[in-house]
Amino acid sequence: GLNELGHGPACAFSIAASYVSMVYALSDVSGAHFNPAVSLALLLSGRDARFTKWKAACFAGAQLVGGLMAGGTYHMIYLKKDE
């Protein structure tokens with residue numbers, strides 16, 4: 001966030017590095033489902049029979065709610081200072 005706001009030259013690299021770190025750190029816990037695209041890909045690939053449509057919908061819903069909450073938190077911390 002801050003690297004992007006500062007228009008730094010390494011925006012994409014910093015975002016990718018943080019995502020890769022999360023995947024390595026938490027893949028054993030969550031299966032690295034950090035966005036709905038990952039959940040949808042796993043469902044469509046059929047690689048895990050235990051990952052049902054219902055479970056995919058729950059994962060996607062939780063991911064979307066988490067994203068909205070993160071956006072709200074970011075807004076409260078950084079953008080309210082300008083008001």
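Our subject is the structure that appears above.
Starting afresh in each chain, residues are numbered from 1 along the sequence in its written order. Local features in a predicted model are, by the rule used here, given only for residues with pLDDT of at least 70; side-chain atom pairs are given and counted only at 80 or more, and totals for whole chains, interfaces and linings are based on all residues. Computation of side-chain values: all heavy atoms of the structure, hydrogens and water removed.

Any chance you could explain the overall build of the protein chain here in plain terms?
Along its length, the protein chain carries four helices and zero strands. Reading the secondary structure of the protein chain in the N-to-C direction produces α-α-α-α. Across the 83 residues in the protein chain, those meeting the buried criterion constitute 11%. When checking whether two residues touch, look at their non-hydrogen atoms; a contact exists if any pair is within 4.5 Å. Intrachain contacts of the protein chain at a sequence separation of at least 6 include 31% that bridge at least 24 residues. Elements are defined by DSSP. Helices are runs of H or I of four residues or more, strands are runs of E of two residues or more, and each kind is numbered from the N terminus. Each residue is placed in one exposure class: buried if its accessible area under a 1.4 Å probe, protein chains only, is under 20% of its type's maximum, exposed if it is over 50%, and partly exposed if it falls in between.

I would appreciate a short explanation of the packing of aromatic side chains in the present structure.
Aromatic ring pairs: the centre-centre distance and the angle between the two ring planes describe each pair. Pairing of aromatic side chains here covers Phe, Tyr and the six-membered ring of Trp, requires ring centres within 6.5 Å, and sorts the geometry by plane angle: under 30 degrees stacked, over 60 edge-to-face, intermediate tilted. Tallying each qualifying case throughout the model produces three aromatic pairs. Look at Tyr74 and Tyr78: their rings are 5.1 Å apart centre to centre, the planes differ by 45°, and that puts the pair in the tilted class. Separated by four residues within a single helix, Tyr74 and Tyr78 lie in helix α4 (residues 53–79), roughly one turn from each other.

Honestly, the side chain of Gln63 in this entry has me stumped. Any pointers?
Here Gln63 lies in helix α4. Not counting residues up to four positions away in its chain, the partners in contact with Gln63 are His33, Phe34, Asn35, Pro36 and Ser39.

Help me understand a nonpolar patch on the surface, please; the structure alone is not making it clear to me.
A cluster of nonpolar side chains, Met76, Ile77, Tyr78 and Leu79, forms an exposed patch at the surface whose accessible area comes to about 360 Å². Taking relative accessible area as the criterion, Tyr78 reaches 30% and is therefore assigned partly exposed. Any residue with relative accessible area above 30% and no salt bridge may belong to a patch, with like charges joined within 9 Å and the nonpolar Val, Leu, Ile, Met, Phe, Trp and Tyr side chains within 5 Å. Exposure was quantified through the Shrake-Rupley algorithm and a 1.4 Å probe, taking into account, for residues, occlusion by the shown protein chains and nothing else. Any carboxyl oxygen of Asp or Glu that lies within 4 Å of a side-chain nitrogen of Lys or Arg is treated as forming a salt bridge with it.

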